[in-house]
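Inside the fold
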Amino acid sequence: MRPSRRAPDELRAVSLERGVVKYAEGSCLVKFGDTHVLVTATLEERLPPWLKGQGRGWVTAEYGMLPRATLERTRREASAGKQSGRTVEIQRLIGRSLRTALDLEALGERQITVDCDVLQADGGTRTASITGAWVALADCIAWMKARNMIKTNVLRDHVAAISCGIYNGTPVLDLDYAEDSSAETDANFVMTGDGRLIEVQGTAEKTPFSQDEFLALMALAQKGVARLVDLQKIAVG
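Now for a look at the structure at hand. Just so it is clear, the model here is predicted, and its values are computed rather than measured.

Let's shift gears to the pairing of strand E3 (residues 35-44). E3 sits mainly inside the fold: eight of its 10 residues count as buried. Pairing analysis gives seven bridges linking strand E2 (residues 26-32) to E3, with the strands arranged antiparallel. Looking at E3, one finds that Val30 is bridged to Val37. Linking E2 to E3, which pair antiparallel, is a turn of two residues; within it Gly33 sits at a positive phi near 60°.

In this section: helix H4 (residues 125-146). For H4, which comprises 22 residues, the first-to-last C-alpha distance of 31 Å matches the rise-based estimate of 32 Å (1.5 Å per residue) to within 8%. Here H4 lies mainly inside the structure; 18 of its 22 residues are buried. Positive backbone phi, at 55°, marks Asn148, one or two positions downstream of H4.

Now for the nonpolar core. In this structure, Ile94, Ile112, Val114 and Ile162 are the most contacted members of the largest nonpolar core, which totals 62 residues. The element that contributes the greatest number of residues to this core is H4, accounting for 11 residues.

Pairing within the open sheet is mixed, and its five strands lie in the order E1-E2-E3-E5-E4. Each end of this open sheet is capped by a strand with a single partner; those strands are strand E1 (14-18) and strand E4 (58-65). Going from strand to strand, the sheet's axes swing by 15° on average, the running direction of each strand aside. The sheet strands contacting helix H2 (residues 85-99) are E4 and strand E5 (111-120), and the helix crosses E4 at an angle near 145°.

This next bit is on the packing of aromatic side chains. Across all of its chains, the model carries two aromatic pairs by this definition. An angle of 80° between the planes, with centres 5.1 Å apart, marks the rings of Trp50 and Trp58 as edge-to-face.

The subject of this paragraph is the environment of Cys116. Looking at the element boundaries, Cys116 is found in strand E5. Between the C-alpha atom of Cys116 and that of Leu173, which follows or precedes it by 57 residues, the distance is 23 Å. Leave out the neighbours within four places in its chain, and Cys116 touches Val37, Leu38, Val39, Glu62, Tyr63, Gly64, Ile94, Ser129 and Ala133.

This paragraph deals with unusual backbone geometry. Backbone geometry at Arg5 places phi at a positive 65°, although glycine is not the residue there. Its place among the elements puts Arg5 in the segment before E1. For Arg5, a relative accessible area of 66% corresponds to the exposed category. Phi is positive for Asn148, which is not a glycine, with a value near 55°. In this structure, Asn148 sits in the loop between H4 and strand E6 (159-167). Exposure remark for Asn148: the relative accessible area of 55% places this residue in the exposed category.

What follows is about the packing of H2 against H4. Their axes nearest at 10 Å, the elements H2 and H4 cross at an angle of 40°. Between H2 and H4, the angle falls in the class oblique. Here H2 runs over H4; the crossing is right-handed. Residue-level inspection shows Arg86, Glu89, Ile90, Leu93, Ile94, Ser97 and Leu98 of H2 in contact with H4, the latter providing Thr125, Arg126, Ser129, Ile130, Ala133, Trp134 and Leu137.

What counts, and where the lines are drawn
Residues numbered from 1 in each chain as written. Predicted model: local features only at pLDDT ≥ 70, side-chain atom pairs only at ≥ 80, totals over all residues. Heavy atoms only, no water. Buried < 20%, exposed > 50% of the residue type's maximum accessible area, 1.4 Å probe, protein only. Helix = DSSP H or I, 4+ residues; strand = E, 2+ residues; numbered from the N terminus. Pairing = 2+ DSSP bridges. Expected span 1.5 Å × (residues − 1). Core = buried A, V, L, I, M, F, W, Y, C linked by side-chain atoms within 4.5 Å. Axes fitted to C-alpha atoms, helices over the stretch in contact; angles between N-to-C directions. Contact = heavy atoms within 4.5 Å. Phe/Tyr/Trp six-rings, centres within 6.5 Å; stacked < 30°, edge-to-face > 60°. Parallel < 35°, antiparallel > 145°, perpendicular 65-115°, else oblique. Left-handed = near helix turned anticlockwise from the far one by under 90°.

Below, the structure written as structure tokens:
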């Protein structure tokens, strides 16, 4: 039995609320159960120096946790003077994932910065961030279209992400913290709307896992991402 009493293939309650930040070109408050992330997408008419003159745009991401997103207060990384390795890894993952969904040449020489701020953490903050970030990005693209800044379909596909793991010997979908902290194996899957893989992160925390177990996790992830993509479609209309 899972601590949450969910079925092995059951997601937590997921919500994607758009337009929650007045000034951002795109925004989304994403909730995966008790994990809540505020995502904003900001359009800027500038590029990193190494991209100038190449006739294409860029999408980058920043990620962070508020001090009381967790049970005990965590120190702001700004006060420590640097980001943790975990933070850098996650924001690079978010940026990579979103760039696969965009026609960067059609975007033009512009940059979209996606900020993911974890308000409350209960496992799966990176997967919730990616899923909500796509909604914020879609709204930013729609904002640009409404102003005739782009003419073609810049957004090529959906992107969503979900965690899976082996908990008490059973493959399960969408781990909360209670499961993630004691799972034998945990993995994160980032996929497109048509089920193609963007990135897979998998780790044996206690016991090495077999190919069959990995395929079971991937099957769960495909089912979970398909449901998340349906929710994204409903959210953006």
